[in-house]
Amino acid sequence: MKREEKNQQTRRRIMDSALAEFSAQGYGASSINHVCTDDLSKGIIYHYFDTKDDLFLACVGECFDLLTGFIRTHMQPEQGTAEEQLERYFTARMVFFREHPVYQRIFCEAVITPPAHLRTGIQKRKQEFDALNAQILERLLAPVSLRPNITKADVIETFRQFQDFINARHQMTGTDPLEFEAREQSCRQALNILLYGVIAGEEHGNV
């Protein structure tokens, strides 16, 4: 076996063990000692990752990279009404976490309760995910006319504020599977209301 291949396999075993640890315990309660296994000593782990923070950020990066790729794949081809595309987007998110539950708690910590000293590092690793969200929202808005005093940037920023509120509401229970799905449903409903309002079309002119 080539050295590079062996290094990749070792790094993968470390990542798998770390994902299990962070998923079960969260960042704060996790320990490198618990990432160690019979064939992964602390020395081997520190050869590949300098600190627990580096290992956690690697797991965060993998989570968002895989999630972003999964959503991109399931949003293709770009067809259907805006509401249908919105449904496909949130369905893709839910399917990803059902198929890869080990990333759920890591995702929640990254977006809801990131360790203060890792906020910058986490933000860098989720930039592509955030950019994809903005692209999808802009695509949903492309065929519609906005009110004269409303811009696409306003809508995107307002949705971010919706998400901040929802994240704060689920801050204490966001890692429970049922609460996680409730949070996703709240985000879906918030974006639907933001885009389409709460007044039925035929009644809008009477208000």
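Overview of the structure. (Residues numbered from 1 in each chain as written. Predicted model: local features only at pLDDT ≥ 70, side-chain atom pairs only at ≥ 80, totals over all residues. Heavy atoms only, no water.)

1. Some thoughts on the packing of aromatic side chains
Next, step 1: All chains considered together, the criterion is met by 10 aromatic pairs.
Next, step 2: Both rings, one in Phe64 and one in Phe107, keep their centres 5.5 Å apart while their planes meet at 40°; by these two values the pair is tilted. Here Phe64 is found in helix α4 (residues 52–74), whereas its partner Phe107 is found in helix α6 (residues 104–111), with 43 residues between them in sequence. No difference in accessibility class separates Phe64 from Phe107, as the two residues are buried.
Next, step 3: Look at Phe107 and Phe129: their rings are 6.1 Å apart centre to centre, the planes differ by 90°, and that puts the pair in the edge-to-face class. (Phe/Tyr/Trp six-rings, centres within 6.5 Å; stacked < 30°, edge-to-face > 60°. Helix = DSSP H or I, 4+ residues; strand = E, 2+ residues; numbered from the N terminus. Buried < 20%, exposed > 50% of the residue type's maximum accessible area, 1.4 Å probe, protein only.)

2. Some words on a nonpolar patch on the surface
Next, step 1: On the surface, a cluster of nonpolar side chains totalling about 200 Å² of accessible area is made up of Val144, Leu146 and Ile150.
Next, step 2: Position of Leu146 relative to the elements: it lies in the loop between α8 (127–141) and α9 (152–169).
Next, step 3: Given a relative accessible area of 31%, Leu146 falls into the partly exposed group. (Patch = residues over 30% accessible without salt bridge, like charges linked within 9 Å, V, L, I, M, F, W, Y side chains within 5 Å. Areas by Shrake-Rupley, 256 points an atom, 1.4 Å probe, with all protein chains shown as cover. Salt bridge = Lys/Arg side-chain N within 4 Å of Asp/Glu carboxyl O.)

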